Amino acid sequence: MTQSVLFVCLGNICRSPLAEAALRQECANAGLNIIVDSAGTGEWHVGQAPDERAVAVAERNGVDINHLRARQVTASDFRDFNHIIALDNQNLNDLTAIQPAKPGAKLSLLFDHVEGRAGEDVTDPYYGGAEGFDQTWEEVTEAAQTIRGWLEDR
């Protein structure tokens, strides 16, 4: 069975597309065939490209995310993905509230997959400068390395 991961943040223009890019890169480098996507719990950025600062940090790290477009989480995501991973606790709570009675996806928080960081939120860089996007890239890359490892073991 092909593993699939959906990363979720609020607007799907900063953190979750960066997490998607980081895991795609990790899986490609490891030769893994994993389905990876991202979405937001909010609707206001639907159809928009990632934030230009997210695009820039991804490009500096060898990943093109210009083609991504923000979308909102749907009920079908809970059956279409094996893992839905929230980038922060508020979005995890929102996902828990909207998940169907019998979801197929396992919900988790991104940093629950990183030793010593359980319960932490990924930095939201949206209201800050470009340096916040660098920090977010580092955080999601650290998590992507761990997630790739447990996906390889499945």
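Residues numbered from 1 in each chain as written. Predicted model: local features only at pLDDT ≥ 70, side-chain atom pairs only at ≥ 80, totals over all residues. Heavy atoms only, no water.

Our next topic: the pattern of salt bridges. Opposite charge on two side chains makes pairing possible when the charged atoms of those side chains draw close. Within the structure shown, the criterion is met by 13 salt bridges. The partner of Arg71 in a salt bridge is Asp37, and the shortest N-O contact between them spans 3.2 Å. Residue Arg71 is located in the loop between α2 (52-60) and α3 (77-80), and its partner Asp37 is located in strand β2 (residues 35-40); the two are separated by 34 residues in the primary sequence. Relative accessible area serves as the criterion here: at 22%, Asp37 is assigned to the partly exposed category. Here Arg117 and Glu142 are joined by a salt bridge, their closest N and O atoms 3.2 Å apart. One end of the pair, Arg117, is in the loop between β4 (106-109) and α5 (130-152); the other, Glu142, is in helix α5, with 25 residues separating them in the sequence. Residue Glu142 is classed as partly exposed on the basis of its relative accessible area of 32%. Among the charged side chains, a salt-bridge network with shared partners connects Arg117, Glu120, Glu139 and Glu142. (Salt bridge = Lys/Arg side-chain N within 4 Å of Asp/Glu carboxyl O. Helix = DSSP H or I, 4+ residues; strand = E, 2+ residues; numbered from the N terminus. Buried < 20%, exposed > 50% of the residue type's maximum accessible area, 1.4 Å probe, protein only.)

Bringing the side chain of Asn12 into the picture now. With respect to the helices, strands and loops of the structure, Asn12 is situated in the loop between β1 (4-9) and α1 (15-30). Relative accessible area serves as the criterion here: at 3%, Asn12 is assigned to the buried category. Within the structure, the side chain of Asn12 is placed 2.9 Å from the side chain of Ser38, a separation counted as a polar contact. Within the local environment of Asn12, its side chain forms a polar contact with the backbone nitrogen of Arg71, the two atoms lying 2.9 Å apart. Once you skip the residues sitting within four places of it in the chain, Asn12 turns out to touch Pro17, Ser38, Ala39, Gly40, Arg69, Ala70 and Arg71. (Polar contact = N/O pair within 3.5 Å; in protein donor to acceptor, adjacent residues only side chain to side chain. Contact = heavy atoms within 4.5 Å.)

Alignment of β1 against β2, held across six bridges, turns out to be parallel. Looking across to β2, one finds that Ser4 is bridged to Ile35. With respect to chirality, the unit in which β1 leads through α1 into the neighbouring parallel β2 is right-handed. (Pairing = 2+ DSSP bridges. Right-handed = clockwise from strand over helix to strand, strands pointing away.)

So, on to the packing of aromatic side chains. By convention here, two paired aromatic rings are described through the distance between centres and the angle between planes. Here the structure, examined in full by the defined rule, presents one aromatic pair. With a centroid separation of 4.8 Å and an interplanar angle of 85°, the aromatic rings of Tyr126 and Tyr127 are classed as edge-to-face. According to the relative accessible area criterion, Tyr126 is partly exposed, its value standing at 29%. Since its relative accessible area comes to 77%, Tyr127 is described here as exposed. A cation sits over an aromatic face here: Arg53 above Tyr126, 5.9 Å from the ring centre. Stacked on the ring of Phe111, the Lys or Arg Arg117 has its end atom at 3.8 Å from the ring centre. (Phe/Tyr/Trp six-rings, centres within 6.5 Å; stacked < 30°, edge-to-face > 60°. Lys NZ or Arg CZ within 6 Å of the ring centre and 35° of its normal.)

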